[in-house]
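# Analysis of the macromolecular model
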Amino acid sequence: MKKNIEVKCLRIILFVINAIAILPILLVSLYNVPSADDFSMAFEVHEAFISGGVFVAIAKAVYMGAWYYLNWTGVYFSNALTALAPHVFSEHLYFLGTWIVLLMFTVGICYFLRQFFYGVLRVEKHLTGCITSIIYFIMIHCMPVGLPRVEIFFWYSGAINYLFMFGLGLFWLGFLLKIANAEYYKGYKIVLVSILGFALGGANYMTSLSLGIISICILIISLIAKISGNASLEKQIEYRKYSVVRIAERFSGFRRLVAPAVCMLVGLMLAVVAPGNAQRSTGAAYNPIKAVLMAIYYTFDAMLGKWLTWPVVVLMMLLIPLLWKAAGRIKRFYGFDHPVLFIIFCFLLTAASITPPIYATGSIEAGRIQALFYMQGMLLLILMVGYMCGWIRYVIKPAKLIEGDELKRGKPGDFLKEAFLGENASKVIVFVGVSFIVLSALALKPEPYLFTGTAAAMDFVNGEAATYRREFDKRLEILKDDSVKKAEFLPYSVHPQLLFFSDITDNKKDWLNKAMAEYYHKENVVLKP
């Protein structure tokens, strides 16, 4: 066998690329400043910190989560974390918001994909790492240009509510997969994952609804597996004529996850019936049926159009050989028997995520909603592509399902095949990889904001990020000067594409102005005309 690209080496290369690409984002976040809801949502916690210190501020944040539940919106967990913003303690700690949410997302996506591919589907660990790295790059750096990047990475009130919760939700799902797939597990893990599930019920409705749907599926599978498992032998044979029973029996480990799934659904129901929801809005923008139909349309439009930019298409081509190789191993344990069912489920799960904002407001134009819609939809789209790779391989060359312990009797040549991609796959990886580098180099000169990482580098190199921070610091001197009761500021001279979300206006009665004035104990703040 010819030694082609070693999977381990490819994994290291892809990891290094991701590490380098994320550095500009972390660097430019050092120049970020709070705005809009960062002041209004964090005001009470900031006051508590000034008067009582860190622990009093944390307790106040918990209280504010409950207060917002009763008076504004039901996402109690998101609201508590939004109130506990880094700039509460110091405006110069605002950058920690970006670092924290990116860390949570990175841990969440990597842990989930490791448990899904390596833990459950038994894909080789280095191949799992390669697939994870490319997915990570697509989700972070191919994010739609504009406010989606600003609100999901850099604006704390949006990032903590959406990206952090999404990452935490993926981590929760990974934890569930690990417990379901384990031969033995300790009871305290069920308690921890149940508590986390309840907390995630109070995350943003896009994330919590998606996790709620998955929780319902877990309960249905568990119920079917229990009924089938407790039936007589004759009944079991009769039940297995149905595909849903065979699927449920294959995932019988989900019976361990009943408590976490129930806790998650309880949290979601509490969020839905929150008194604050009724006070915030007197009625929905659309009826439920129209909201669902609009969500399906938007999902079609995004998955088959808007999201398929040339970088995403090329990176998908880079993924396919890796997913093809992974499918060749997976099919020895799991048959890809239900491609239509899997695709429909993933598609509808994506559509479900945007149904709440459509139902409530009639729009998904907010950057943070667009960003999370892209992230969840892109992840599921990639999983659909992977399933189709497996289905094609399964149909072309069916393989007998084998038990895990049969791997111990594998031949040395089998392990060598696992270590290398293969001649044809290696050629594709090299060709597509080089093509992506060349195309990116050509595109970045006229369009430097093409990727999130290059956009961050551009905001830093052109000096706009530093200027933006310097001008905010000048404002801060006035805002913290107790002798000044009415503050006037010049507008920002720059609007860094990744950092700038919003600013106060020349109308002192604007809610943005009122929020800042209250936060810093001013009679009013206003921009000079």
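Check the entry above for the structure.
Think of each chain on its own: its residues are numbered from 1, step by step along the sequence as written. Side-chain atom pairs in this predicted model are given and counted only at pLDDT of 80 or more, local residue features only at pLDDT of at least 70, and totals for whole chains, interfaces and linings cover all residues. With hydrogens and water set aside, each side-chain value is computed from the structure's full complement of heavy atoms.

Note on definitions: angles span 0 to 180 degrees between N-to-C directions of axes, and those axes are lines fitted to C-alpha atoms, for helices only across the stretch in contact. Going along the chain from the N terminus, every DSSP run of H or I of four or more residues is numbered as a helix, and every run of E of two or more is numbered as a strand. Across the interface, helix H16 (residues 310–330) lies against helix H18 (residues 367–396) with an axial gap of 9 Å and an inter-helix angle of 45°. Viewed along their axes, H16 and H18 adopt a mutual orientation that is oblique. Note that H16 runs across H18; the crossing there is right-handed. Side by side, H16 and H18 meet where Val312, Met316, Leu319, Ile320, Leu323, Trp324, Lys325, Ala327 and Gly328 of the first sit next to Tyr374, Met378, Leu381, Ile382, Val385, Gly386, Cys389, Gly390, Ile392 and Arg393 of the second. The cut-offs work like this: below 35 degrees is roughly parallel, past 145 is roughly antiparallel, 65 to 115 is roughly perpendicular, and the gaps in between are oblique. Working rule for handedness: look at the near helix, and if it is turned counterclockwise from the far one by less than a right angle, call the crossing left-handed; if clockwise, right-handed. Residues count as neighbours in contact if any of their non-hydrogen atoms are within 4.5 Å of one another.

To continue, consider the packing of aromatic side chains. Centre distance within 6.5 Å is the pairing criterion for rings of Phe, Tyr and Trp, where only the six-membered ring of Trp is used; planes under 30 degrees apart are then read as stacked, over 60 as edge-to-face, and the remainder as tilted. Under the criterion given, the structure shown has 30 aromatic pairs. Seen in terms of ring centroids, Phe105 and Phe166 are 6.2 Å apart; in terms of plane orientation they differ by 20°. Their pairing is stacked. Of this pair, Phe105 sits in helix H5 (residues 96–120) while Phe166 sits in helix H8 (residues 156–181), and the two are 61 residues apart along the sequence. As far as burial versus exposure is concerned, Phe105 and Phe166 are alike and both buried. Relative to Tyr298, the ring of Tyr297 lies with its centre 5.8 Å away and its plane at 55°, an arrangement referred to as tilted. The exposure class of Tyr297 is exposed, given its relative accessible area of 53%. Whether a residue is buried, partly exposed or exposed follows from its accessible area with a 1.4 Å probe, protein chains only, as a fraction of its type maximum: under 20%, in between, or over 50%, in that order. Classification of Tyr298 by relative accessible area gives partly exposed; the value is 25%. An aromatic cluster is built from Phe137, Trp310, Phe436 and Phe451, whose rings are joined through pairwise contacts.

The element helix H7 (residues 147–154) is largely enclosed, with a buried count of 7 among its 8 residues. Listed as buried for H7 are Pro148, Arg149, Val150, Glu151, Ile152, Phe153 and Phe154. Of the surrounding elements, those touching the buried residues of H7 are helix H1 (7–28), H5, helix H6 (125–141), H8, H18 and helix H21 (452–461).

A positive phi is found at Ala36, a non-glycine position, where the angle reads about 50°. Relative to the helices and strands, Ala36 is located in the loop between H1 and helix H2 (37–52). With a phi angle near 60°, His521 is a residue other than glycine that sits in the positive phi range. Tracing the backbone through its elements, the reader meets His521 in the loop between helix H23 (511–519) and strand S2 (524–527). For His521, a relative accessible area of 47% corresponds to the partly exposed category.

Here we come to a positive patch on the surface. A cluster of like positive charges, contributed by Lys8, Arg114, Lys125 and Lys178, occupies part of the molecular surface. Structurally, Lys125 can be placed in helix H6. Note that patches include only residues with greater than 30% relative accessible area and no salt bridge, and the join distances are 9 Å for like charges and 5 Å for nonpolar side chains (Val, Leu, Ile, Met, Phe, Trp, Tyr). For the accessible areas, the method is Shrake-Rupley and the probe is 1.4 Å, while residue cover comes only from the protein chains on display. A side-chain nitrogen of Lys or Arg and a carboxyl oxygen of Asp or Glu constitute a salt bridge if their distance falls within 4 Å. Charge assignment: positive for Lys and Arg, negative for Asp and Glu; neither His nor the chain ends contribute. The atoms used to mark charge sites are NZ of Lys, CZ of Arg, CG of Asp and CD of Glu.

A separate point is the pattern of salt bridges. Enumeration over the complete set of coordinates arrives at 6 salt bridges. Its salt-bridge partner being Asp301, residue Lys306 comes within 3.4 Å of it at the nearest N-O pair. For Lys306, a relative accessible area of 60% gives the class exposed. Residue Asp473 is joined to Arg469 by a salt bridge in which the shortest nitrogen-to-oxygen separation is 3.3 Å. Pair noted here: Asp473 and Arg469 are both in helix H22 (residues 464–479), with a separation of 4 residues, about one helical turn. Residue classification places Asp473 among the partly exposed residues on the basis of a relative accessible area of 23%.

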